[in-house]
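# Analysis of the macromolecular model
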Amino acid sequence: MAARPLAIFLSLLLAGILIASLGVGSTDVIGLAEGIQGALAMLGLAEPLEQYQALAELRVIRILATVGVGAALALSGALLQGVFRNDLASPSIIGVSSGAGLGASLAILVIGGYGPRFMIENAVGMGPVVVTLAALIGAAACAWLVTTLATSGGRISVPMLLLVGIAVNAIAAGLLAAIQSYALRDYDVSQALFSWVFGRLEDRSSFQVGLLWTGLALTASVIPFVALELDLFATGEEDAQGLGVNTGRVKFLAILAASASAAIAVSVAGQISFIGLVVPHVLRRVTTASHRAILPLCLLAGPVFLAGTELLQRSLLGDAHLQPGVTMSLLGGPFFLFLLVRNRKELRAW
Amino acid sequence: MVNSLRCEAVEYAYPGGERVVDGASLSVAAGSLTCVIGPNGAGKSTLLKAMGGLLSVDSGVVTVDGEAVRALESRVRARTLALVPQFLDAIPAVTVESFVLGGRYGHLDGWRRARSADHQAVLVALREAHVFELRERLLAELSGGQRQRVLIARALAQEARYLLVDEPTSSLDPEHQLGVFALLSRLAQEGHGVVVVTHDLNLASQHAAEIALMHSGRFVAVGTPKDVLKPEVLDPVYGAHFRFGKWDDEEGAERPFVLPWSS
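Residues numbered from 1 in each chain as written. Chains lettered and ligands numbered in written order. Predicted model: local features only at pLDDT ≥ 70, side-chain atom pairs only at ≥ 80, totals over all residues.

## Topic: the overall build of chain A
Rule in force here: Helix and strand definitions follow DSSP, with helices as H or I runs of at least four residues and strands as E runs of at least two, each counted in order from the N terminus. Two things to know: the radius of gyration comes from C-alpha atoms, and the globule rule equals 2.2 Å times the number of residues to the power 0.38. Put plainly, a residue is buried at 20 or more neighbouring C-beta atoms within 10 Å of its own, exposed at 12 or fewer, and partly exposed in between, counting only other residues' C-beta atoms, which are placed from the backbone. Remark: residues whose backbone-derived C-beta atoms lie within 7 Å of one another are considered to be in contact.
Across its full length, chain A carries 16 helices and two strands. A compact globule built from 350 residues should have a C-alpha radius of gyration of about 20 Å, and chain A, at 20 Å, falls within 12% of that. By its C-alpha atoms, chain A is 65 × 55 × 35 Å across when sized along the principal axes. For chain A, the proportion of its 350 residues judged to be buried stands at 48%. Across chain A, every contact between residues at least 6 apart in sequence was considered, and the portion connecting residues at least 24 apart equals 77%.

## Comments concerning the overall build of chain B
Helix and strand content of chain B: 10 helices and 12 strands. Along the three orthogonal principal directions, the C-alpha set of chain B runs to about 55 × 40 × 35 Å. Counting over 263 residues, chain B shows a buried share of 43%.

## Focus: the packing of helix α9 (residues 206-220) of chain A against helix α12 (residues 247-269) of chain A
Residues and elements named next belong to chain A. Inclusion rule: A fitted line through C-alpha atoms serves as each axis, taken over the contacting stretch for helices, and the angle formed by two N-to-C directions is quoted from 0 to 180°. Geometric relationships in this document are graded by angle, where less than 35 degrees denotes roughly parallel, more than 145 denotes roughly antiparallel, 65 to 115 denotes roughly perpendicular, and other angles denote oblique. Crossings are sorted by hand: turned counterclockwise from the far helix by less than a right angle, the near helix makes the crossing left-handed, and turned clockwise it makes it right-handed. Ten residues, namely Ala, Val, Leu, Ile, Met, Phe, Trp, Tyr, Cys and Pro, are considered nonpolar, four, namely Asp, Glu, Lys and Arg, are considered charged, and the remaining ones, Gly among them, are considered polar.
For the pair α9 and α12, the least separation of the axes is 9 Å and the interaxial angle reads 165°. One way to sum up the angle between α9 and α12 is to call them roughly antiparallel. Judged by the sense of rotation from one axis to the other, the crossing of α9 with α12 is left-handed. On the side of α9, the interface is formed by Gln208, Leu211, Leu212, Gly215, Leu216 and Thr219, while α12 contributes Ala257, Ala260, Ser261, Ile264, Ala265 and Val268. Taken together, the residues of the contact of α9 with α12 break down into eight nonpolar, four polar and no charged.

## Focus: the pairing of strand β4 (residues 59-64) of chain B
Residues and elements named next belong to chain B. Using the following cut-off: A pair of strands is considered paired only if DSSP assigns at least 2 bridges between the two.
With five bridges connecting them, strand β1 (residues 4-13) and β4 associate as antiparallel partners. Each bridged residue has a counterpart across the sheet, and for Arg6 the counterpart in β4 is Thr63. The pairing of β4 with strand β5 (residues 67-68) spans two bridges and is classified as antiparallel. In the sheet register, Val64 faces β5, and the bridge partner there is Glu67. Between β4 and β5, which pair antiparallel one after the other, the connecting turn spans two residues, and Asp65 there sits at a positive phi close to 50°.

## Focus: the sheet that holds strand β9 (residues 210-215) of chain B
Residues and elements named next belong to chain B. Taking strand neighbours across the sheet as the criterion, the six strands line up as β6-β7-β8-β3-β9-β10 in an open arrangement whose pairing is mixed. On the outer flanks of this sheet lie β6 (81-84) and β10 (218-223), each paired with one strand and no other. Shown here is a sheet whose adjacent strand axes are inclined to one another by a mean of 15°, direction ignored. The sheet strands contacting helix α1 (residues 44-51) are β3 (33-37), β7 (162-166), β8 (193-197) and β9, and the helix crosses β8 at an angle near 155°.

## Describing the nonpolar core
As a reminder of what qualifies: Here a nonpolar core is just a set of buried residues of the types Ala, Val, Leu, Ile, Met, Phe, Trp, Tyr and Cys, joined wherever their C-beta atoms sit within 7 Å.
If you look at the biggest cluster of nonpolar residues, it comprises 177 residues, and the most contacted ones within it are Val69, Ala139 and Cys298 of chain A. Residues contacting Cys298 of chain A, with those up to four places away along its chain left out, are Ala71, Ala74, Leu75, Ala78, Val279, Pro280 and Leu283 of chain A.

## Topic: the interface of chain B and chain A
Each side of the interface is counted separately: chain B has 20 residues, and chain A has 17 residues. For the side of chain B that touches chain A, the leading source of residues is helix α2 (residues 74-80) of chain B, giving four residues.

## Comments concerning the packing of helix α10 (residues 223-233) of chain A against helix α14 (residues 291-317) of chain A
How two helices pack is summed up by the angle between their axes together with the distance between the axes. Residue and element names in this part refer to chain A. Packing of α10 against α14 leaves a shortest axis separation of 8 Å and a crossing angle of 135°. One element, α10, and the other, α14, form an angle in the oblique class. Together, Ile223, Ala227, Leu228, Leu230 and Asp231 of α10 and His291, Arg292, Leu295 and Pro296 of α14 make up the contact between the two elements. Class assignment for the residues of the contact of α10 with α14 results in six nonpolar, one polar and two charged.

## Overview of the pairing of β7 of chain B
On a regular strand, one side chain projects to one face of the sheet and the next to the other, so that they alternate. Residue and element names in this part refer to chain B. Burial within β7 is extensive, with five of its five residues counted as buried. Of the two faces of β7, the one carrying Tyr162, Leu164 and Asp166 and the one carrying Leu163 and Val165 are both buried. Of the pairings in the sheet, the one linking β6 to β7 comprises four bridges and is parallel in character. Bridge pairing in β7 links Ala82 to Leu163. Taken together, the five bridges between β7 and β8 define a ladder with parallel strand orientation. Counted as the bridge partner of Leu164 is Val195 from β8.

## Here's the deal with the environment of Glu141 of chain B
Residue and element names in this part refer to chain B. Here Glu141 lies in the loop between α4 (116-128) and α5 (144-157). You can call Glu141 exposed: it has 12 C-beta atoms within 10 Å. Considering only alpha carbons, one finds Glu141 and His192, 51 residues apart in sequence, at a separation of 31 Å.

## Things to note about the sheet that holds strand β2 (residues 19-29) of chain B
Backbone hydrogen bonds hold the strands of a sheet together, and the pairing may be parallel or antiparallel. Residues and elements named next belong to chain B. Strand order in the open sheet formed by four strands is β2-β1-β4-β5, and the pairing between neighbours is antiparallel. Every interior strand has two partners, whereas the edge strands, β2 and β5, have only one. One ladder, built from eight bridges, connects β1 with β2; its direction is antiparallel. Pairing of Tyr12 across the sheet is with Val21, part of β2. Strands β1, β2 and β4 of the sheet are contacted by α1, whose axis makes an angle of about 120° with β1.

## Quick notes on the confidence of the model for chain B
Residues and elements named next belong to chain B. Counted only if it meets this: A score from 0 to 100, pLDDT tells how confident the predictor is in each residue.
Mean pLDDT for chain B: 92, with 99% of residues reaching 70 or above. Put simply, helix α10 (residues 250-254) is where chain B has its lowest mean pLDDT, 79, and β3 is where it has its highest, 97. For this predicted complex, the interface confidence score (ipTM) comes to 0.91, while the overall pTM stands at 0.85.

## Comments concerning α5 of chain B
Residues and elements named next belong to chain B. Convention followed: Any helix carries an expected span of 1.5 Å times its number of residues minus one.
Relative to the 20 Å expected for 14 residues at 1.5 Å per residue, α5 spans 20 Å between its end C-alpha atoms, a close match to the ideal helical length. Counting buried positions along α5 gives 12 out of 14 residues, so the element sits mostly inside the fold. Regarding α5, the residues found buried are Gln146, Arg147, Gln148, Arg149, Val150, Leu151, Ile152, Ala153, Arg154, Ala155, Leu156 and Ala157. At its buried positions, α5 is contacted by β6, α3 (96-101), α4, β7 and α6 (174-189). Of the residues flanking the end of α5, it is Glu159, one or two places downstream, whose phi is positive at about 50°.

## What about helix α2 (residues 32-42) of chain A?
All names here are of chain A. Quick reminder of the rule: It is the directions from the helix axis to the C-beta atoms that the arc portrays.
Residues of α2 that are buried include every one of Glu34, Gly35 and Gly38, and no others. Each buried residue of α2 lies within a common arc of 105° when the element is viewed along its axis, so the set occupies one face. Where α2 is buried, its residues meet α3 (53-83). Positive backbone phi, approximately 75°, marks Gly44, located one or two places after α2.

Have a look at this one:
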């Protein structure tokens, strides 16, 4: 399918999913009509709901968080796959997810009363801000560590990157488990830690959604400056350089944007894996492999995938719906295995 | 020197490896075709990359029209020097025409939009490299020889003053070998500076204004075909595996032919 009709199709599909999502939530005291009225009221286009305007607004914020997270993670994956010329690259592989998890968990521990007294006093009351910023720092630190260790002679080695990613992810997972076991007897802290690990799109603050969308806008703004260049990377970095591509700048911009968008998404919504792996890959199969099409399309297809899955399981399972991180792992894990098996021949050379 | 591509005492070693280029100096004037010959591992392709500004040399200097190659902004460099690699790391799933359009990267505007002049340049390049009829085919579907001509077309689309070509005829049949060298000769006559790395000593003899013989990372002889293609120059470098001859005409005296021959 050509990129333009696909973009129109995805836009319509996303609009439909978002409208339908206004009708589902953790409570059914408001339905679709009230949800739409409440959303329009936020834009000043309708009268606010008498009793449940706040509830409708929570749904709108949840939907905005879902769209932003889906877009940011898909964009991150597409950028990384382009830079590393490898369909298996994803934000979790470069340590962003586990780094964010570690940062956020440390912050939750501090806020939960396990940190030094002055930190607790300053952090309490600013929960979402502190946790989000800590996650962002953790994500950036891990991404920096992995890419630095995988760089030799000014070039990033992909096999090295994957191996270093495994090691750093394992260290972060170990530390995360240590924090969780340390806080196990404290129900509230444990609850906060676990809900963050499984990913959470509900109850996000407007600060978090604002940060998410600002980050997404900034990282998406690199698309015009790296898309064609990543297409030229397909024949090798040296070849692209010969055509006039400033490969160092493109790699820096793309990895920075990929790390930042994934870090912001994970810092706001917790660990939601595999969107960054699956969405760009499926887009490449459905339409062209050109990054000039894939990167913008990720901004639509990521939200369609995440919001669509959320809508589906909330409609089918109601209160028993799973956390988004769990759903994505259940869908993405088998897909990853499928990719590995399909690419078995190419991977044998490693 | 203005209007020339020069390297002076260039040295280069790959990270952690031995020195591949070891004090190589060469000057290629705009409007001339120079063939770089030499045994495998002599450092020819590495020097070509260094001359194209792809490598940061350990010592020495590479200049184009008097300016250091590495100091040129990357897109300006691509408009000045076009490299034709022998192979690509991977074959992208694109048509020949889109691939050749990649050669226009250095000419695109800030929003990276291709204008009609870019598409026009691509069509001209496709025709010149005799791949116009392949323009809608996928690159992956082509034979090695066809792909080599497409690589030349992409370099032509760059409209650069200097062309650096790495073994352009290694996968071509004799007709296309002659065609490619005839094209490169014509480009040189039109004012381009052309450097060709080749193992085909006879094509080099036929078309080059100068032949530069490289051995162990440096040039051991640079001169006209007649000056370089002779036993006392080639034998110490390659071993005594050649027979030499020349046609009985005026050009034959200047451009000898060489046959590899088991002794």
